[in-house]
Amino acid sequence: MALCEAEKTFVLHGVEENFRVDGREREDYRPIELETNIVSHAFGSARLRLANTDVLVAVKIEVDVPYPERPKEGKLEFFVDCSANATPDFEGRGGEDLAVEISNSLAAAYRSPEVFDLTKLCILKGRKCWKIFVDILLLECGGNLYDAVSIAVKAALWDTRIPLVKSVTVDGNNVDMEVSDELHDCQKLDVSAAPIMVTVCKIGEQCIVDPNVAEELCSVGAVVIAVSKNKFSTVLQIGSGSLHPQTLLDCLQMGEKVAQRLSEALLETLSQINPNKNQDVGFLK
C-alpha cells in the first residue's frame, strides 16, 4: 500500500485534530471480535478480528524435560506463521522476518515469572514438565499486528486446559505418569498477569494507538509496549524512525494506561464468554 502526499497530509491533520480518518480519537481502538475454543484438536484456541486484522491462535501441549538451569519450570514457546493470503508482502519469504520478530517479542514479554508462572507446568522436578506451544497464524493484516496477536494469545491461554496428572511413578531413569482421561478433569492457566501489547505511533506531534495501515505508513516512529498489570515486561521499537526521549516517555505513559484498560476489558469479556458465540470486546470508546 502506498499513500500520496495529499493522503498523508489528510491523516496527519486528522490526528492533530484528534479526529482520525475513521472517526476515532487518538486513544481509541477499532472494533474487536473474539472467539475462543474454535480449534477442536487444540488444548486452547482463540480467533481475534481487529477491524481488518485477523489472527488465529491454537495451543498445543506435550510432556517434556525441564531445562537443566530451570528444573522447577515448564516451557512456553511461540511460533508465528504469516499466511501468504494475509497480504501480498508475505508472498515467498516476505513474512519470515516479521514472524520471528513477533515471536521473539512474545517470548520476551512472557519471560518474567511475575507475568506467567512456569512453575505451575512442572510435573516432576528436573524430570518432567508440560511444554506449551502457542501457534499463531496471521490470516489478514489490517494494521496493528502486535496488539492483535497479544490479545489473541492471552485469550487462547485463558481457554487452555492442562490435563490433570493423577500420579507419577519413578523407577530408576523411567518416569511413568497417569493422566486423567476425563474431559473436564483439568486445570486452567492463570493469565491474569499475562501481558498485553500496545503499539504507540507518533504521527506529527501526537501519539496514537491501534494504527491502521495508512497511519502506520505516516508514522515517524513507533514503540510496542508490553504491560503486565502496572509493569512493563518489554519495550520494542519498530520502524526506521527515532523518538525524542520525551516522546518515548509520553508513549510509555499512554501505552501503560491503554494496556490496563484493554486487559481489564478483555478479562471481563472472557469471564462472560459463550463458547458457541462470537463476542465483541467493546471498550476504549
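Remember, it's a predicted structure, so these values are computed and weren't measured experimentally.

Student: So what exactly am I meant to see when it comes to the side chain of Thr-160 here?
Tutor: Summarising the element assignment, Thr-160 is placed in the loop between helix H3 (145-159) and strand E7 (161-163). Leaving out residues up to four positions away in the same chain, Thr-160 has contacts with Phe-43, Gly-44, Val-59, Ile-61, Gln-187, Lys-188 and Leu-189.

Student: Looking at this structure, I do not really get the nonpolar core. What am I missing?
Tutor: Side chains that are nonpolar tend, in soluble globular proteins, to be buried together. Grouped together as the largest cluster of nonpolar side chains are 77 residues, with contacts concentrated most on Tyr-110, Phe-116, Ile-132, Ile-136, Leu-138, Val-153 and Leu-157. With eleven residues, H3 is the single largest residue contributor to this core. Non-local contacts of Leu-138, meaning those with residues more than four positions away in its chain, are made with Asp-54, Val-55, Val-80, Asp-81, Cys-82, Ser-83, Ala-86, Phe-90, Ile-102, Leu-145 and Val-149.

Student: Help me understand the sheet that holds strand E13 (residues 221-228) in this model?
Tutor: One open sheet accounts for four strands, arranged E12-E11-E13-E14; its pairing is antiparallel. Edge strands, defined here as strands with exactly one partner in the open sheet, are strand E12 (206-209) and strand E14 (231-238). Between one strand axis and the next, the sheet turns by 25° as a mean value, whatever way the strands run. Inspection of the sheet shows strand E11 (residues 196-203) paired to E13 by seven bridges, in the antiparallel sense. By the bridge assignment for E13, Val-198 is matched with Ile-225. In the packing of H3 onto the sheet, contacts are made with E11, E13 and E14, and the angle to E11 comes to roughly 170°.

Student: Can you walk me through the pairing of strand E1 (residues 32-36) in this structure?
Tutor: Regular strands place their side chains on alternate faces of the sheet. When you tally the buried positions in E1, you get four out of five residues, the bulk of the element. Across five bridges, the pairing between E1 and strand E2 (residues 44-50) is antiparallel. Bridge pairing in E2 links Ile-32 to Leu-50.

Student: When you look at the pattern of salt bridges in this model, what are you seeing that I'm missing?
Tutor: Oppositely charged side chains can pair when the atoms bearing their charge come close. This structure, assessed with the given rule, holds 18 salt bridges. In this structure, Asp-210 and Arg-24 form a salt bridge, with 3.1 Å as the shortest nitrogen-oxygen distance. Here Asp-210 is found in the loop between E12 and helix H4 (213-218), whereas its partner Arg-24 is found in the loop between helix H1 (5-16) and E1, with 186 residues between them in sequence. The same class applies to Asp-210 as to Arg-24, namely buried. Arg-70 serves as the salt-bridge partner of Glu-73, at 3.1 Å between the closest nitrogen and oxygen. Exposure remark for Glu-73: the relative accessible area of 22% places this residue in the partly exposed category. With relative accessibility at 35%, the residue Arg-70 sits in the partly exposed group. Salt bridges linked by common partners bring Arg-20, Asp-22, Arg-24, Arg-30, Asp-210 and Glu-215 together as one network.

Student: Explanation requested: H1 in the structure shown.
Tutor: A turn of α-helix holds 3.6 residues, and therefore any two residues three or four places apart point the same way. With twelve residues, H1 should reach 16 Å at 1.5 Å per residue; the first-to-last C-alpha distance of 16 Å fits that figure. Among the residues making up H1, those that are buried are Val-11, Gly-14 and Val-15. The buried residues of H1 all sit within an arc of 100° when viewed along its axis, so they share a single face. Those residues of H1 that are exposed and aimed more than 90 degrees away from the buried face are Glu-5 and Ala-6. Where the residues of H1 are buried, they touch E11, E12 and H4.

Student: How should I be thinking about the packing of aromatic side chains in this particular structure?
Tutor: Any two aromatic rings considered together are summarised by their centre-to-centre distance and by the angle between their planes. Per the stated rule, a full pass over the model turns up two aromatic pairs. Taken together, a centroid distance of 5.3 Å and an interplanar angle of 50° make the contact between Phe-78 and Tyr-110 tilted. Of the two residues, Phe-78 sits in strand E4 (residues 75-82) while Tyr-110 sits in the loop between helix H2 (96-109) and strand E5 (122-124), which places them 32 residues apart along the sequence. By relative accessible area, Tyr-110 is classed as buried at 3%. Seen from their ring centres, Tyr-110 and Phe-116 are 5.9 Å apart, and the 70° between their planes marks the pair as edge-to-face. Grouping aromatic residues by their ring pairs yields a cluster made of Phe-78, Tyr-110 and Phe-116. Above the ring of Tyr-67, the side-chain terminus of Lys-75 is found at 4.2 Å from the ring centroid.

Student: Explain the side chain of Thr-247 here, please?
Tutor: Checked against the element boundaries, Thr-247 lands in helix H5 (residues 245-271). Each residue touching Thr-247, except ones within four places of it in the same chain, is listed here: Lys-202 and Cys-207.

Student: Teacher, can you tell me more about unusual backbone geometry here?
Tutor: Backbone phi values are negative for most residues with the exception of glycine, while trans is the configuration of most peptide bonds. Non-glycine residue Asn-18 carries a positive phi angle of around 60°. Assignment of secondary structure puts Asn-18 in the loop between H1 and E1. For Asn-18, a relative accessible area of 25% translates into the label partly exposed. Phi is positive for Asn-37, close to 55°, though the residue is something other than glycine.

The rules behind each value
- Residues numbered from 1 in each chain as written.
- Predicted model: local features only at pLDDT ≥ 70, side-chain atom pairs only at ≥ 80, totals over all residues.
- Heavy atoms only, no water.
- Helix = DSSP H or I, 4+ residues; strand = E, 2+ residues; numbered from the N terminus.
- Contact = heavy atoms within 4.5 Å.
- Core = buried A, V, L, I, M, F, W, Y, C linked by side-chain atoms within 4.5 Å.
- Buried < 20%, exposed > 50% of the residue type's maximum accessible area, 1.4 Å probe, protein only.
- Pairing = 2+ DSSP bridges.
- Axes fitted to C-alpha atoms, helices over the stretch in contact; angles between N-to-C directions.
- Salt bridge = Lys/Arg side-chain N within 4 Å of Asp/Glu carboxyl O.
- Expected span 1.5 Å × (residues − 1).
- Arc of directions from axis to C-beta.
- Phe/Tyr/Trp six-rings, centres within 6.5 Å; stacked < 30°, edge-to-face > 60°.
- Lys NZ or Arg CZ within 6 Å of the ring centre and 35° of its normal.

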